[in-house]
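The residues making up each chain are set out below.
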Amino acid sequence: MNDFFKKVLPISLTTSILVAACSGPNLTKNSYSVNPDPLEMRGDSVQVVITGTVPPKTMKSKAVVTFQPYMKTKDGKEISLKSVTIKGEKAEGSADYTVNAKNGVAYVAEMKNVDLLPRFTYKEKALLVPDSIKVVGTVTTASMLKYTNESYLAADNYKPELTNKAVNIYFPIDVDRFNPKFKSGKAIDNKKQIASLKTLLKKDSNWVVRGISINAYASPDGELERNSSLSKGRSTSTFAYFRKELKKLGFSEVNDSNFSMGYMLAEDWKGFAAELANSNFADKDGMISIINNASINDEEREAQLRKNHEKSWKKAATMILPALRKSELIVIGGKPFKTDAQLMSFHGNYTALNQSELYHLKVITTDLKLKEEATIAYNNQFSSDWRGFNDLGVMYLNNKNYDGATAQLNKAYQIDAKNGIILANIGALARAKGDLISARKYYQQAADNGANTYYNLGVLDVKAGNYAAAVNNFTKSGKADFNTALAQLLNGNAAGAKSIIDEINPDELTWEHYYLRAICGARMNNQDVCTTNIAQAVAKNASARNMAKDDVEFRKFFNNPLFEAAIR
């Protein structure tokens, strides 16, 4: 029999509630130990391991011993735990040798203040162990978890959709004033360039001008300072001319104070190199090599070209450089952009809005009835977009309309089954309905598809008592709040938990933050942290006083005058 216990006991200790048995009533408290002491709520239950020793030659072969541990609350109520029956090798009947690890005891409020006691039945006689084991109270800190649920809306990218309409305009050498009639050869003709721009602008009557951007260039010949001055002058004169032309075309936006000019100037060495590459100059490769030499400045670059490629440089002055004396005129604009105030007037007239406008309208609407109406209209008009169904599903989820949420999220899922946002919301729905297994599955799938659902996974881990996993997932989430601090504490890192709370904006701290930080102080055996924070918690919520009086987290400080003063 001794061999039996030596083999079974170590395995059972790690999995369940166990007591070893002996042959009769000669039992002492030194034969038993309890872990943890005090008891601890972990997840939704309290699990305890009771370890017993069997002295040699005390277990009779025909003996049957039943162990029935129980808890006794402050008011005398008894809560029985799972019993274990151990029999000798010749005893008749069946007996339990191991207990399933999952059979914890559901936590109830009365367990906060309990005594854990063993009771034996030997030959049908109930026996209490003399000087019996007594474990006082249960640590219930895990119950402070904020079991909130996150849901996810799709992105609203409503903003002006700007487009550009651009042409090049040209200038004679050393001239900065814009001449709309300037012409040089077949390739350079400002009149044609202006006509082409006007044609582009007239094509779309709904196009709105918002500004002009001018990239002004000078040809690489000449001094840099002079060319810079030329580029500035060309930009200014071009802007003045085309502002008038746009006004003639009916673009009244040019009178708006927000209508402005963007400006960039440069010597167009890149353009020069590109033109040379397309030319038939025999020495073009050597010229391009000089242009691309990053170790020399622009003045040295021009000097080398003039000296080493004199004939080609003069030829380029008439064939290439004139085309580089230009300004690139970019007219910036887009479709008419409705403000939020304007969009709000379209409730009930949803077909008059385009897709981005209608989606934004339902986002900015705060009246829930109108919000639902606009979202349904969006889904009817743009049924291939998962976002509307997802968002309507979230709306129903938040209102606890779980059937409606299920229907809408299923539609979104059918459109895009690997969308992390949709999967996260299906997980949130499962969680709200109490199906934590499915919730975890969908949260994990959502994370695998790019959604940051690690916070939700961390909450489930705390709820399940898997504190190390909770810390890991909370860390991945990038968030730091009450729950992340709680997970650190439950995982044995009181200093880490305190550090998280210390970093939270003091204006955002609730009584529970102070209470949790007081527990951190108690576990760190830091009197100052414990007492000052419990005083803060009581100041913010008087009910924290009675909580602290009975909370075994503070058992080391129950007789401490500073602690007593803090909760007085």
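Placed above this text is the structure.
Residues numbered from 1 in each chain as written. Predicted model: local features only at pLDDT ≥ 70, side-chain atom pairs only at ≥ 80, totals over all residues. Heavy atoms only, no water.

Participant: What's the story with the pairing of strand β2 (residues 39-42) in this structure? I'm lost.
Facilitator: Put simply, side chains in a regular strand alternate between the two faces of the sheet. What you see with β2 is a clean split: Leu39 and Met41 sit on the buried side and Glu40 and Arg42 on the side with no burial. Where β2 and strand β14 (residues 138-139) come together, 2 bridges link them in parallel fashion. Counted as the bridge partner of Glu40 is Val139 from β14. (Buried < 20%, exposed > 50% of the residue type's maximum accessible area, 1.4 Å probe, protein only. Helix = DSSP H or I, 4+ residues; strand = E, 2+ residues; numbered from the N terminus. Pairing = 2+ DSSP bridges.)

Participant: For this particular structure, what's the right way to read the side chain of Arg301?
Facilitator: Tracing the backbone shows Arg301 in helix α6 (residues 298-308). In this view, Arg301 contacts Trp269, Ile290, Ile291, Asn293, Ala294 and Ile296; residues no more than four positions away in its chain are not counted. (Contact = heavy atoms within 4.5 Å.)

Participant: Got a minute to help me understand the pairing of strand β20 (residues 326-334) in this structure?
Facilitator: Within β20, 7 of the 9 residues are buried, leaving the element largely enclosed by the surrounding structure. Taken together, the 9 bridges between strand β15 (residues 162-170) and β20 define a ladder with antiparallel strand orientation. By the bridge assignment, Ala166 is partnered in β20 with Ile330.

Participant: What am I meant to see in the environment of Leu329 here?
Facilitator: Within the secondary structure, Leu329 sits in strand β20. Overall, the relative accessible area of 0% leaves Leu329 in the buried class. When the C-alpha positions of Leu329 and Thr238 are compared, they lie 8.0 Å apart, and in sequence the two are 91 residues distant.

Participant: Could you clarify how one ought to interpret the packing of aromatic side chains in this entry?
Facilitator: The way to describe two aromatic rings as a pair is by their centre distance and the angle between their planes. Using the criterion set out here, one finds 13 aromatic pairs in the structure. Both rings, one in Tyr359 and one in Tyr378, keep their centres 5.3 Å apart while their planes meet at 65°; by these two values the pair is edge-to-face. One end of the pair, Tyr359, is in helix α10 (residues 355-364); the other, Tyr378, is in helix α11 (residues 368-381), with 19 residues separating them in the sequence. Each member of the pair, Tyr359 together with Tyr378, is buried. When the centroid spacing of 5.1 Å and the interplanar angle of 50° are considered together, the rings of Tyr455 and Phe474 count as tilted. A residue pair is termed long-range when its members are at least 10 positions apart, and Tyr455 in helix α16 (residues 454-464) and Phe474 in helix α17 (residues 467-477) qualify at 19 residues. Accessibility classification places Tyr455 together with Phe474 in one group, the buried group. Site record: aromatic cluster; members linked through ring pairs are Trp511, Tyr515, Phe554, Phe558 and Phe563. (Phe/Tyr/Trp six-rings, centres within 6.5 Å; stacked < 30°, edge-to-face > 60°.)

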